[in-house]
Amino acid sequence: MNSLSKIKILIADDEPNQLELIRFNLTKENFEVISASDGEEALCLSEEIFPDLIILDWMMPKMSGPEMIKQLKNEPNFASIPIILLTAKSDEDSKMMGIEVGADGFLGKPFNDQELLS
């Protein structure tokens, strides 16, 4: 078991295939992966498990990635958790909006395994 095995990553994406692909790639690297299919579920899970990293799809039902980031970054206990927005929106306006709400990074769709792991 390597030192990364205890790192908890919460992923939220409403596309089941995308969610499974991310889960598979992170699990094979010995990360503990918890997944959610929408923003509300992800917010509840984050409060239960206190993840080390959160990867959120931009567009999800019930609560979008940016909406969830706003809520988490306003809570002192969650403000320091790095959050990556997973999005097909790669234009500068979208990146600026993500930065303004508190995203720590972006991962564009489609992505390859190496981009995800880095």
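Residues numbered from 1 in each chain as written. Predicted model: local features only at pLDDT ≥ 70, side-chain atom pairs only at ≥ 80, totals over all residues. Heavy atoms only, no water.

## Regarding the nonpolar core
Then, number 1: In this structure, Leu 10, Ala 42, Ile 54, Leu 56, Met 68, Ile 69 and Leu 72 are the most contacted members of the largest nonpolar core, which totals 22 residues.
Then, number 2: Where this core is concerned, the elements lending two or more residues are strand S1 (8-12), strand S2 (32-36), helix H2 (39-49), strand S3 (53-57), helix H3 (65-73) and strand S4 (83-87).
Then, number 3: Top contributing element to this core by residue count: H2, with four residues.
Then, number 4: When neighbours within four sequence positions are excluded, Leu 56 is seen to be in contact with Ala 12, Ala 42, Gly 65, Met 68, Ile 69, Ile 83, Ile 84, Leu 85 and Leu 86.
Then, number 5: Grouped together as the second largest cluster of nonpolar side chains are 12 residues, Leu 19, Leu 26, Leu 86 and Leu 116 included. (Core = buried A, V, L, I, M, F, W, Y, C linked by side-chain atoms within 4.5 Å. Buried < 20%, exposed > 50% of the residue type's maximum accessible area, 1.4 Å probe, protein only. Helix = DSSP H or I, 4+ residues; strand = E, 2+ residues; numbered from the N terminus. Contact = heavy atoms within 4.5 Å.)

## Focus: the pairing of S1
Then, number 1: With four of its five residues buried, S1 lies for the most part within the structure.
Then, number 2: Pairing of S1 with S2 involves five bridges; the strand directions are parallel. Residue pairing in the sheet places Leu 10 in a bridge with Ile 34 of S2.
Then, number 3: In terms of handedness, the path from S1 via helix H1 (residues 16-27) over to S2 forms a crossover that is right-handed.
Then, number 4: The pairing of S1 with S3 spans four bridges and is parallel. Bridge pairing in S3 places Ile 11 opposite Ile 55. (Pairing = 2+ DSSP bridges. Right-handed = clockwise from strand over helix to strand, strands pointing away.)

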